[in-house]
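Listed below are the residues making up each chain.
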Amino acid sequence: MKIWLLFPLLAGIVITAFKYKPLSPVASSLPADTLQYPEEKHFRNLQQLTFGGDNAEAYFSFDGQWLVFQRTSAKDGLPCDQIFVGKIPAPGAPFQYKMVSTGKGRTTCGFFTKDGKHVIYASTHLGGDSCPPLPDRSKYGNKYIWPLYSSYDIFMADLNGKIVKQLTHSKGYDAEATLSPDGKKMIYTSVKDGDIDLYLMNLQTGKEKRITNTPGYDGGAWFSPDGKKIIWRASRPQTPEALQSYKELLAENLVAPTQMEVFIADADGSNAQQVTHLGQANWAPAFLPDSKRIIFASNHEYKRGFPFNLYIMQPDGSGLQKISRDKGFDAFPMFSPNGKKIVFCSNRNNGGTHDTNIFIADWVEE
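Residues numbered from 1 in each chain as written. Predicted model: local features only at pLDDT ≥ 70, side-chain atom pairs only at ≥ 80, totals over all residues. Heavy atoms only, no water.

**Q** With reference to specific residues and values, describe the environment of Ser 180.
**A** Positionally, Ser 180 belongs in the loop between strand 11 (174-179) and strand 12 (185-190). The spatial distance from the C-alpha of Ser 180 to the C-alpha of Gly 127 is 29 Å, given a sequence separation of 53 residues. In terms of polar contacts, Ser 180 uses its side chain to reach the backbone amide nitrogen of Lys 184, at 3.3 Å. (Helix = DSSP H or I, 4+ residues; strand = E, 2+ residues; numbered from the N terminus. Polar contact = N/O pair within 3.5 Å; in protein donor to acceptor, adjacent residues only side chain to side chain.)

Set out below in structure tokens:
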């Protein structure tokens, strides 16, 4: 789901879409901006990997050598997100990448398989070659809403872009997939049973089960590095009016995800508990390498809806610490499998444009 489109819009930042065209990391003729803020003590040797367009959801391969991500750039001729992979460069070297999705429809949420030879991602290409239309926000009081495109299904492709398997087949929205540390299970979001819920699938057998059952949006789930826990973002309408509004939007394949909190549970979905109680939008959560602390993006400090920054806390909700300091948008944190590096996406250092780029840094514990 295009949560990365949502929050820059709330911040008054327009996120666009793009087509693959190699961009030199040295080629930026834009005015200088801030790459790293003095307060960002956990980042060392911060490097910007992409320059221009909108680049989001950059995630490590299991060996920590590659990234898969989605990218758009209307000026380069691709009108909506496609999936790319690239090997992480040596410090200072350019980041080279290639498209591995079909180039048709809209895609989201790429993730490497355990063997490093395939990626999974969601795509609407079976529903048509063109980008599916964006919803008319004016019909809903101009509040931000996400489309839950019914043509989204999850596919597995090799690194040459050949689709080798279709993993989901339901009529509704299937997307937001990640894999367990052993590579055997996929957790993803679907509306197949009438609500926006999480499902676990055994990749070998295709057998699956629904693991959330509370009304509200559940999505963006990840396993902990030790495989014992899952973490995700969820909305929980608290009043009859809010629940009715949620259901009315869902009936039109829409959701308004501006109120979300972070939840954790055992890997099978049992013992679910809410971690954050911060209000506004708390999302893009993941575990730290110790499988105990969590990291997530949030705008809870700012009633106007932005900036979004990264925070870490204990799983009991204590010890909240602000990690990043951009004035626009920091999100999609993921640690390398060895825990030594962090990748995230940000509006920083974009020369005053609306671009979102990928950044990688050594992670430093204070």
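**Q** Tell me about the sheet that holds strand 22 (residues 309-313), residues and numbers included.
**A** An order of 20-21-22-23 is seen for the four strands of this open sheet, with the pairing classed as antiparallel. Edge strands, defined here as strands with exactly one partner in the open sheet, are strand 20 (282-287) and strand 23 (321-322). Where strand 20 and strand 21 (residues 294-298) come together, four bridges link them in antiparallel fashion. Across the sheet, the residue bridging to Trp 283 is Ala 297, located in strand 21. (Pairing = 2+ DSSP bridges.)

**Q** Break down the confidence of the model for the protein chain for me, with residues and values.
**A** In this model, the protein chain carries a mean pLDDT of 91, and residues with pLDDT of at least 70 account for 91%. Contacts of residues 1-32 to residues separated by more than four positions or lying in other chains number 109 contacts, the stretch itself having pLDDT below 50. (pLDDT = per-residue confidence, 0-100. Contact = heavy atoms within 4.5 Å.)

**Q** Please set out the state of the cysteines residue by residue, giving values where relevant.
**A** Here the structure, examined in full by the defined rule, presents one disulfide. At a sulfur-sulfur separation of 2.1 Å, the disulfide partner of Cys 80 is Cys 131. Measuring handedness by torsion sign, the sulfur bridge of Cys 80 and Cys 131 sits at about -100 degrees and is left-handed. Taken together, the residues Cys 80 in strand 4 (residues 78-87) and Cys 131 in the loop between strand 7 (118-123) and strand 8 (146-147) connect sequence positions 51 residues apart. The cysteine Cys 109 is free of any disulfide, with Cys 345 supplying the nearest cysteine sulfur at 12 Å. Residue Cys 109 is classed as buried on the basis of its relative accessible area, which comes to 6%. For Cys 345, a relative accessible area of 0% translates into the label buried. (Disulfide = S-S within 2.5 Å. Buried < 20%, exposed > 50% of the residue type's maximum accessible area, 1.4 Å probe, protein only.)

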